[in-house]
Amino acid sequence: MVLQDVLSVRNVYEDAENAKDKKAALGTDITIENFSSEEVNAIDVIDDLNDLSKKDQNTLLSVGVDSDESDRAGSFLQMDQSNIFTSELSDNIELMNTGVALEKYDWLENYLWNAVKPDADKYTAEAALKEKEDGTFSGYFVRSKPGTKEFFPVQACMFIADTDIMQTAHNIIIAEENSELHLITGCATGEDISSALHVGVSEIYLKPGSKITFTMVHNWAEQVEVRPRTAIKQADNSTYINNYILTSPVNSIQSYPTTYCEGVNSKALFQSIMSGQKTSNIDMGSRAVLTGHNSSAEAISRAVANDSAQIFARGHIKGDKQEVKGHVECNGLVLSDDSSIYAVPILEANSTGLELSHEAAVGKIDEDEIYYLTSRGFSEEEAASMIVRGFLNMDITGLPPILADYTKKMIDMSVKGM
Amino acid sequence: MLLEINNLAVEVEGKQVLKNVNLSIDEGETHVLLGPNGAGKSTLFLSILGFPKYNITQGSIKFKGKDITNLPTSERVALGIGVSFQNPPAIRGITVKDLLKYESGQNENEELNPRMKELANKLKFSEDFLNRDVNLGFSGGEVKRSEILQLLAQQPDFTMFDEPDSGVDIENVELLAEELNVILDKHKRIKQRKRSGLLITHLGYILNFVKADKAHVLMDGEIACSGNPDEILLEIRKNGFTGCVKCAQCL
């Protein structure tokens, strides 16, 4: 049976059709019709990431995508709706366009629209209906082979080069049994992009004993609307680590990646660093549903709001079984009177014998900290910016040493550029 | 005169805390400031340091002949004033090493210089410790040693120490005092000493290891008595601060 028929049987398209006008539960509502659809593979492929302009290479680098591909297991670049570059540099992984992968592997259809529901809201619905209309799939498929532990990260980039367009991507990430996979995904826009919409659907699957680290860096233009839709399914003894870094202005972003810790001893850790500037409206959450025996999750966020930015920092842990553990931590600094931070930690306990906790603290910079630094010779302005950088520069845990070092440098770089 | 305070009056949040304070400290001298809780010792320190909350309503502070009464803290520090705090704040994301590099004039991307590494080692700090966020989760003794280490990096000409031995294990007081003596040029002959200091101490224990040239007793925001540190301490130990002040009034 052809794929579209399979998805029709699963009611994917019907569900999507019914959710076409379904507003998202959170975030500002975007009029999708204001953005034009891009033709698939309208842009020519390139042989090497270094064939991109120096400016674009630098933009890629700012979101962790190295055009030299040094210390990388592979690269994927999607520009607008075109997959213009793919490389596999390690035998431990497979990396290709999702459409290509679906043609290669019949079994992959079971992973499509499984963790993320097509009728979640109008953005997922639009992504599904666009796939039907185009007859193909954008985004990337990455899979780590059973028993392999790839040390170097796979880098994937979603790049918007044309103005006023809607970019969609459907990513499927699978870590096979007892494998380890590290991903850096960078999302950015080219110069002169006044407005655009990005809808990225990511479905992530962790087989027993596997580990995935997923580090996402966003560097969008000021008028871009971003609606990533991510869900993760975790089997026994799996570990999922999600890092999110946003330090440049964006018009609006709303995302609430959700992991389902279904397996025994499955663990999830979300770490988010957000800096809201100008008129950015940021609504970022992390959710874990703990149904596996002895599963655990932690959601940690640091948010800084300046100018007239508005940040919602959400963390939601739902414990459905005994012996599960969860912790939510939201810390925020408000730097201007016109900006605001809403820290929303939610704990939901549906069983006895579980342990869920949260801490949230939002406020201005502690004056004592500023004065302490002035007593060491820093001016008040230097002290304040150092404190903000220090606050955001949290230690990202769970990454292999090289990637940890690189991520730290990347955070340093993006925080310094604020 | 290195530091000259004339007729100083200070308000904190509208409330007068210090009045008629006169204090002069010469090059190479170490003075000690004694007084009961709430007498205004820390206020005097932080006024000399120039923290904005401490509003000078009268008088002046001169350092190296320059009127610094209205200078911001960082400029006073640049002139050569340093301080070790009793309870410094913990700052997330700023490590001891970050501060040491800045204080010793190094670039943030450079490796910490060998002199500082050696000093850290002497103060029983490991490399890992230097990578910790400053004061976050430090024990009382670690806080004090980290403050002293930072002063060793800064090398100020005039240093104020707020209760440098409180919360420090007895075995570490001597270690700390040794470095205090370095900061205060105590290893040099009296005439060769250039660097000066002002110590706040409650119990005077540190004075067994760091010799002061002069002591002052601060009571109710005023310097009630000044003189030989040993004699004053003896009097305080015998008759308490009130007795000490009474004695001064008899003179």
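Draft legend 1. Layout of the overall build of chain B. Secondary structure assignment for chain B yields eight helices and ten strands. Dimensions of chain B along its principal axes, counting C-alpha atoms only, are 60 × 40 × 40 Å. Sorting the 251 residues of chain B into buried and exposed places 46% on the buried side. Here the analysis covers contacts within chain B between residues at least 6 apart in sequence; of these, 68% occur between residues at least 24 apart.

Draft legend 2. Structural view of the overall build of chain A. Broken down by element type, chain A carries eight helices and 21 strands. A compact globule built from 418 residues should have a C-alpha radius of gyration of about 22 Å, and chain A, at 21 Å, falls within 12% of that. Oriented by its inertia axes, the alpha-carbon framework of chain A measures out at about 70 × 55 × 45 Å. For chain A, the proportion of its 418 residues judged to be buried stands at 57%. The long-range fraction of contacts in chain A, counting pairs at least 24 apart against all pairs at least 6 apart in sequence, stands at 83%.

Draft legend 3. Up close: the nonpolar core. Counting 194 residues, the largest nonpolar core has A:Ile311, A:Ala313 and B:Leu199 as its most contacted members. Sorting elements by how many residues they give to this core places strand β9 (residues 196–206) of chain A first, with seven residues. Residue contacts for A:Ala313: discarding those within four places in its chain leaves A:Met274, A:Met284, A:Ser301, A:Ala303, A:Cys330, A:Gly332, A:Ile341, A:Ala343 and A:Val344.

Draft legend 4. Structural view of the sheet that holds strand β5 (residues 66–67) of chain B. Residues and elements named next belong to chain B. Spatially, the four strands line up as an open sheet ordered β2-β1-β4-β5, and their pairing is antiparallel. Among the strands making up the open sheet, the edge pair consists of β2 (15–25) and β5. Alignment of strand β1 (residues 3–12) against β2, held across seven bridges, turns out to be antiparallel. Residue pairing for β2: Ile 5 is matched across the bridge by Leu 23.

Draft legend 5. Layout of the confidence of the model for chain B. Looking at chain B as a whole, the pLDDT averages 92, with 98% of positions reaching at least 70. Predicted complex, confidence summary: ipTM 0.95, pTM 0.85.

Draft legend 6. Focus on helix α7 (residues 380–392) of chain A. The end-to-end C-alpha distance of α7(A) is 19 Å, a good match for the 18 Å that 13 residues give at a rise of 1.5 Å each. Inspection of α7(A) places A:Ala383, A:Met386, A:Ile387, A:Gly390, A:Phe391 and A:Leu392 among the buried residues, and these make up the whole buried set.

Draft legend 7. The arrangement of helix α5 (residues 122–134) of chain A in detail. Residue and element names in this part refer to chain A. Taking 1.5 Å of rise per residue, the 13 residues of α5 would be expected to cover 18 Å, and the 18 Å separating its terminal C-alpha atoms lies within 8% of that figure. Restricting attention to buried positions, one finds in α5 the residues Lys 122, Tyr 123, Thr 124, Ala 125, Glu 126, Ala 127, Ala 128, Lys 130 and Glu 131. Those residues of α5 that are buried are in contact with α2 (12–18), β1 (36–37), β7 (165–175), β9 and β11 (224–234). At the C-terminal side of α5, Gly 135 shows a positive phi close to 75°.

Draft legend 8. Spotlight on the interface of chain B and chain A. Residue-level contacts link 17 residues of chain B with 18 residues of chain A. Of all the secondary-structure elements, those providing two or more residues to the side of chain B that touches chain A are α2 (73–79) and α3 (96–103) of chain B. Sort the elements by how many residues they give to the side of chain B that touches chain A and α2(B) lands first, with four residues. Among the residues forming the side of chain B that touches chain A, the class breakdown is eleven nonpolar, four polar and two charged.

Draft legend 9. Representation of the pairing of strand β9 (residues 214–219) of chain B within the structure. All names here are of chain B. Pairing geometry for strand β3 (residues 30–34) and β9, over four bridges, is parallel. Looking at β9, one finds that Val 32 is bridged to Ala 215. The pairing of β9 with strand β10 (residues 222–227) spans five bridges and is antiparallel. Across the sheet, residue His 216 finds its bridge partner in β10, namely Ser 226. The antiparallel pairing of β9 with β10 creates a hairpin that spans two residues between the two strands, and Asp 220 there sits at a positive phi of about 50°.

Draft legend 10. Looking closely at the environment of B:Asn7. Topologically, B:Asn7 is positioned in strand β1. Residue classification places B:Asn7 among the exposed positions, given that 11 C-beta atoms sit within 10 Å.

Draft legend 11. View of the pairing of β7(A). All names here are of chain A. Counting buried positions along β7 gives ten out of eleven residues, so the element sits mostly inside the fold. Pairing of β1 with β7, which is carried by two bridges, proceeds in the parallel orientation. Across the sheet, residue Ser 36 finds its bridge partner in β7, namely Ile 165. Examined bridge by bridge, strand β5 (residues 140–144) and β7 share four bridges and lie parallel to one another. Counterpart to Arg 143 in the pairing with β7 is Ile 174. Relative to β9, β7 runs parallel, the two sharing ten bridges. Residue pairing for β9: Thr 168 is matched across the bridge by Val 199.

Draft legend 12. Spotlight on the environment of A:Ser144. Residues and elements named next belong to chain A. Mapped onto the secondary structure, Ser 144 falls in strand β5. With 31 C-beta atoms packed within 10 Å, Ser 144 lands in the buried category. Through-space distance from the C-alpha of Ser 144 to that of Val 201 is 19 Å; in sequence the pair is 57 residues apart. Beyond its immediate sequence surroundings of up to four residues, Ser 144 is in contact with Asn 92, Ile 93, Glu 150, Ala 175, Glu 176, Ser 179, Glu 180 and Leu 181.

Draft legend 13. Summary view of the sheet that holds strand β8 (residues 196–200) of chain B. Residues and elements named next belong to chain B. Strand order across the open sheet formed by six strands is β6-β7-β8-β3-β9-β10, with mixed pairing between neighbours. Taken across any chain shown, the strands that pair with only one partner, and hence form the sheet edges, are β6 (81–84) and β10. Going across the sheet, the axis of each strand differs from the next one's by a mean of 20°, ignoring polarity. In the packing of helix α1 (residues 41–49) onto the sheet, contacts are made with β3, β6, β7 (158–162), β8 and β9, and the angle to β7 comes to roughly 150°.

Draft legend 14. Local environment of the packing of helix α6 (residues 367–374) of chain A against α7(A). Residues and elements named next belong to chain A. Put simply, α6 and α7 touch, their axes get as near as 9 Å, and they point 120° apart. Taken as axis vectors, α6 and α7 run oblique relative to one another. In this structure, α6 crosses over α7, and the sense of that crossing is right-handed. Contact residues: Glu 369, Ile 370, Leu 373 and Thr 374 in α6; Glu 380, Ala 383, Ala 384, Met 386 and Ile 387 in α7. Its residues assigned to classes, the contact of α6 with α7 shows six nonpolar, one polar and two charged.

Draft legend 15. Region of interest: the environment of A:Ala313. Mapping A:Ala313 onto the fold places it in strand β18 (residues 310–319). Each C-alpha atom, one on A:Ala313 and one on A:Ala384, is 22 Å from the other, the two residues being 71 residues apart in sequence.

Draft legend 16. Representation of the packing of helix α6 (residues 140–154) of chain B against helix α7 (residues 170–183) of chain B within the structure. All names here are of chain B. The geometry of α6 relative to α7 is characterised by a closest axis approach of 10 Å and an angle of 20° between their N-to-C directions. Taken together, the axes of α6 and α7 lie roughly parallel to each other. Handedness of the crossing formed by α6 with α7: left-handed. Each of Gly 141, Lys 144, Arg 145, Ile 148, Leu 151 and Leu 152 in α6 lies in contact with α7, whose residues at this interface are Asn 172, Leu 176, Glu 179, Leu 180, Val 182 and Ile 183. Of the residues that constitute the contact of α6 with α7, the class distribution is seven nonpolar, two polar and three charged.

Reading the values: rules and limits
- Residues numbered from 1 in each chain as written.
- Chains lettered and ligands numbered in written order.
- Predicted model: local features only at pLDDT ≥ 70, side-chain atom pairs only at ≥ 80, totals over all residues.
- Helix = DSSP H or I, 4+ residues; strand = E, 2+ residues; numbered from the N terminus.
- Buried ≥ 20, exposed ≤ 12 C-beta atoms within 10 Å, placed from the backbone.
- Contact = placed C-beta atoms within 7 Å.
- Rg over C-alpha atoms; globule rule 2.2 N^0.38 Å.
- Core = buried A, V, L, I, M, F, W, Y, C linked by C-beta atoms within 7 Å.
- Pairing = 2+ DSSP bridges.
- pLDDT = per-residue confidence, 0-100.
- Expected span 1.5 Å × (residues − 1).
- Nonpolar A, V, L, I, M, F, W, Y, C, P; charged D, E, K, R; others polar.
- Axes fitted to C-alpha atoms, helices over the stretch in contact; angles between N-to-C directions.
- Parallel < 35°, antiparallel > 145°, perpendicular 65-115°, else oblique.
- Left-handed = near helix turned anticlockwise from the far one by under 90°.

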